[in-house]
Each structure stands twice: as structure tokens, then as C-alpha cells.
Amino acid sequence: MKPTTRLTLISRRYCHLCQDMEAALAGLAEELDFAVEVLDVDADAALEKRYDELVPVLLHDGRELCHYFLEVSKVRDYLSEIG
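Bear in mind the structure is a predicted one, so any value in this text is a computation, not a measurement.

Asker: I'd love a proper account of the overall build of the protein chain, names of residues and values included.
Answerer: A tally of regular secondary structure across the protein chain gives 3 helices and 4 strands. Taken from N to C terminus, the helices and strands of the protein chain fall in the order β-α-β-α-β-β-α. The C-alpha atoms of the protein chain give a radius of gyration of 12 Å, which matches the 12 Å a tight globule of 83 residues would have. Dimensions of the protein chain, computed from C-alpha atoms along their principal axes, come out at roughly 35 × 20 × 20 Å. Within the span of the protein chain, comprising 83 residues, buried residues form 36% of the whole. Of all intrachain contacts in the protein chain linking residues separated by at least 6 positions in sequence, the fraction that spans at least 24 positions is 64%. For the protein chain, the exposed area adds up to about 5400 Å²; of that, 50% sits on carbon and sulfur atoms. In the protein chain, which carries 9 positive and 17 negative side-chain charges, the distance between the mean positions of the two groups comes to 4 Å.

So, in C-alpha cells, the structure goes:
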């Protein structure tokens, strides 16, 4: 059994774009069988320094997949590539 792929969403609580991306990811995660870990950019100084103005940011193993808006086709293609 292969381990579930885990994507990381860098987010913040008062960000409507972050909330939108998290909601969109929920359905996609169920469909494509991946997990999403949500990290609060404001709770970590290093994350805030790197991603402050870019949130929401979707990552896999440190690789940025998209920011501001969920690019569904890009995420699908990436997940297909890594199999």
C-alpha cells in the first residue's frame, strides 16, 4: 500500500483566499486521495518571512504548486507525474 501524498497549505486565518483554497482542496483531496496539512503562516516566523504576501501557498515537499488561487489542472498534472 503506497503512502498518501501530503500537500501543505500555507494559510492564515483572516484570509478569504486561504479559506477558498482550503475548501477547494477538500473536494480535490478526496477525489485524488491526498492529504492536506494546513500551516498558519503567522505562527511561524520563518514561514511568515518567506510566504507572507503570497498566501495561500500550496506546496509538496517544499515545491510550490500554486499560490493565491488553486490551479486544479496544475495540481492534477503534478500528482499524476509523481504517481
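Further notes follow.
Asker: Quick rundown of the pairing of strand β2 (residues 34-40)? Include the residues and the values.
Answerer: Strand direction decides the pairing type here: strand β1 (residues 5-11) and β2, joined by 7 bridges, are parallel. When the sheet's bridge partners are listed, Arg6 is paired in β2 with Ala35. Between β1 and its parallel partner β2, the chain crosses via helix α1 (residues 16-32), and the hand of that crossover is right-handed.

Asker: Can you explain the nonpolar core? Please cite residues and give values.
Answerer: Among the nonpolar cores identified, the biggest contains 14 residues, and Leu7, Met21, Leu25, Phe34, Leu58, Leu70 and Val75 are the most heavily contacted of them. Sorting the residues of this core by element identifies β1, α1, β4 (63-67) and α3 (72-82) as the ones contributing at least two each. In terms of residue count, the dominant contributor to this core is α1 (4 residues). When neighbours within four sequence positions are excluded, Leu7 is seen to be in contact with Phe34, Ala35, Val36, Glu37, Leu58, Leu59, His60, Leu65, Val75 and Leu79. In terms of nonpolar packing, the next biggest core, distinct from the first, is built from 10 residues, Leu17, Cys18, Val41 and Val57 among them.

What counts, and at which threshold
- Residues numbered from 1 in each chain as written.
- Predicted model: local features only at pLDDT ≥ 70, side-chain atom pairs only at ≥ 80, totals over all residues.
- Heavy atoms only, no water.
- Helix = DSSP H or I, 4+ residues; strand = E, 2+ residues; numbered from the N terminus.
- Rg over C-alpha atoms; globule rule 2.2 N^0.38 Å.
- Buried < 20%, exposed > 50% of the residue type's maximum accessible area, 1.4 Å probe, protein only.
- Contact = heavy atoms within 4.5 Å.
- Areas by Shrake-Rupley, 256 points an atom, 1.4 Å probe, with all protein chains shown as cover.
- Lys, Arg positive; Asp, Glu negative; His and termini not counted.
- Charge placed at Lys NZ, Arg CZ, Asp CG, Glu CD.
- Pairing = 2+ DSSP bridges.
- Right-handed = clockwise from strand over helix to strand, strands pointing away.
- Core = buried A, V, L, I, M, F, W, Y, C linked by side-chain atoms within 4.5 Å.

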